[in-house]
Structures are given as C-alpha cells and as structure tokens.
Amino acid sequence: MIDVKLVVDLNRCQGYAQCVFLAPDVFTLHGEEALLYDAGPTDDERDRVSQAAAACPVHAITTDIPDHRDGQ
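One structure accompanies this document, and this report is about it. Nothing here was measured: the structure is a model prediction, and the numbers come from that model. Here the residue numbers are simple positions, counted from 1 along each chain's written sequence. Two thresholds apply to this predicted model, a pLDDT of at least 70 for residue-level local features and 80 or more for giving and counting side-chain atom pairs, whereas whole-chain, interface and lining totals are computed over all residues. Side-chain numbers here rest on the full set of heavy atoms in the structure, without hydrogens or water.

Remarks on the state of the cysteines
Here is step 1 of the chain: Here, a disulfide means two cysteine sulfur atoms that sit within 2.5 Å of each other. Inspection of the entire model under this criterion finds 0 disulfides.
Here is step 2 of the chain: Sulfur of Cys13: no disulfide; nearest cysteine sulfur belongs to Cys19 and is 6.3 Å away.

Have a look at this one:
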C-alpha cells in the first residue's frame, strides 16, 4: 500500500469541519477552529480523504490523489 500525502493550508481553513465529518480518523478539530490532521494517512483512507478535500468549502486541502475535486 502507498500512503496518501495531504496538506491543509491552515491560513485558508475556516474551521467548517466538513473534513472532520468525512474522514474523522485523519482530521480532528481541536477547540472550535484549530484543525489537526495526519499529513500521511494510509491508502485505506484514500476515498475518505478525497471526499474531504472535495467537500472543503474554501479548498484548503490538497492531496496527491489525482483530480480529487473533479471526480476523475
């Protein structure tokens, strides 16, 4: 298995927490707005991380999953 690489632009993140709901093993909200995340989740989390990145309303999450926002 190959690990997924992801980055969250914490300056852009507004704490909407859509990612937390979609991939709770990867993203957690500390307090009301501080997002914590695993920058190298396992391949098992790939679908959930892709959904979380696509659901971010401010596009703060980027991954190495090809075209995760386009659904391709």
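Next comes the rest of the account.
Some thoughts on the pattern of salt bridges
Here is step 1 of the chain: We define a salt bridge as a contact between a side-chain nitrogen of Lys or Arg and a carboxyl oxygen of Asp or Glu at a distance within 4 Å. A full pass over the atoms with the stated rule returns 2 salt bridges.
Here is step 2 of the chain: With its nearest N and O atoms 2.7 Å apart, the salt bridge here joins Asp43 to Arg46.
Here is step 3 of the chain: Using a relative accessible area of 26% as the deciding quantity, one classes Asp43 as partly exposed.
Here is step 4 of the chain: In this structure Arg46 comes out as partly exposed when scored by relative accessible area, which is 24%. For every residue, the accessible area (1.4 Å probe, protein chains only) is compared with the maximum for its type, and the residue is labelled buried under 20%, exposed over 50%, or partly exposed between those bounds.

A few points about the environment of Ala39
Here is step 1 of the chain: Secondary structure elements follow DSSP: runs of H or I no shorter than four residues count as helices, runs of E no shorter than two count as strands, and numbering proceeds from the N terminus. Along the polypeptide, Ala39 turns up in the loop between β3 (34–37) and α2 (46–55).
Here is step 2 of the chain: Separated by 31 residues in the primary sequence, Ala39 and Val8 have C-alpha atoms spaced 8.3 Å apart.
Here is step 3 of the chain: The contact partners of Ala39, leaving out residues within four places of it in the chain, are Val4, Lys5 and Leu6. Any two residues whose heavy atoms approach within 4.5 Å at even a single point are treated as in contact.

Points about unusual backbone geometry
Here is step 1 of the chain: Positioned with a positive phi, Ala17 is a non-glycine residue whose angle comes to about 70°.
Here is step 2 of the chain: Inspection of the secondary structure puts Ala17 in the loop between β1 (6–8) and α1 (18–22).
Here is step 3 of the chain: Owing to a relative accessible area of 13%, Ala17 belongs among the buried residues under this scheme.
Here is step 4 of the chain: Although it is not a glycine, His59 sits at a positive phi angle of roughly 55°.
Here is step 5 of the chain: By secondary structure assignment, the location of His59 is in the loop between α2 and β4 (61–63).
Here is step 6 of the chain: For His59, a relative accessible area of 40% puts it in the partly exposed group.

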